[in-house]
Amino acid sequence: MASLPTPPAQPDDAPEPYVGLAADTAEQLARSRGWDTVRAVPPGTFLTMEFRSGRINFQVEDATVTRCWVG
């Protein structure tokens, strides 16, 4: 049986400081801190529940990040 793959390390970066930033500023900052995938979605968007290492999610309302989470 093959061993389980080791996921890549994700940035040591807390999601809370992104809340309140302009969406474009938050995306640039997240990419500069090493996030592979930055996903911005409007409130109420249906998303899959899989965890993806290296991804940060922004809920964006009126061009401002209102919620942020990893995975």
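Above this text is the structure in question.
Figured I'd write up the structure that's included with this text. Here the structure is a predicted model, which means the values were calculated and not measured.

### Focus: the overall build of the chain
Phase 1: Along its length, the chain carries 1 helix and 3 strands.
Phase 2: Start at the N end of the chain and walk to the C end: the helices and strands fall as α-β-β-β.
Phase 3: With the C-alpha coordinates aligned to their principal axes, the bounding extent of the chain is approximately 50 × 25 × 15 Å.
Phase 4: For the chain, with 71 residues in total, the buried portion stands at 28%.
Phase 5: Within the chain, contacts between residues separated by at least 24 positions form 37% of all contacts whose residues are at least 6 apart in sequence.
Phase 6: For the chain, the exposed surface amounts to about 4,900 Å²; the carbon and sulfur share of it is 57%.
Phase 7: Taking the 6 positively charged and 9 negatively charged side chains of the chain as two groups, their mean positions are separated by 6 Å.

### What to know about the pattern of salt bridges
Phase 1: As enumerated under the stated definition, the model contains 3 salt bridges in all.
Phase 2: Measuring nitrogen to oxygen at the nearest pair gives 3.2 Å for the salt bridge that ties Arg31 to Glu27. Taken together, the residues span about one helical turn, with Arg31 and Glu27 both in helix H1 (residues 23-32) at a distance of 4 residues.
Phase 3: For Glu27, a relative accessible area of 33% puts it in the partly exposed group.

Parameters and conventions
Throughout this description, residue numbers start from 1 for each chain and increase along the sequence as written. Local features in this predicted model are restricted to residues whose pLDDT is 70 or higher, and side-chain atom pairs enter the listing and the counts only when it is 80 or higher, whereas totals over whole chains, interfaces and linings include all residues. The basis for every side-chain value is the complete set of non-hydrogen atoms in the structure, without hydrogens or water. Every helix listed is a DSSP run of H or I at least four residues long, and every strand listed is a run of E at least two residues long, numbered separately from the N terminus. When a residue's accessible area, from a 1.4 Å probe over protein chains only, is under 20% of the maximum for its type it is buried; when over 50% it is exposed; and in between it is partly exposed. Note on contacts: a residue pair is in contact if any heavy atoms of the two residues lie within 4.5 Å. All accessible-area figures derive from a Shrake-Rupley calculation using a 1.4 Å probe, and residue coverage is judged against the displayed protein chains alone. For the charge count, each Lys or Arg is scored as positive and each Asp or Glu as negative, with His and the chain ends excluded. Where a charge lies is defined by one atom per residue type, namely NZ (Lys), CZ (Arg), CG (Asp) and CD (Glu). Think of a salt bridge as a Lys or Arg side-chain nitrogen and an Asp or Glu carboxyl oxygen that are within 4 Å of each other.

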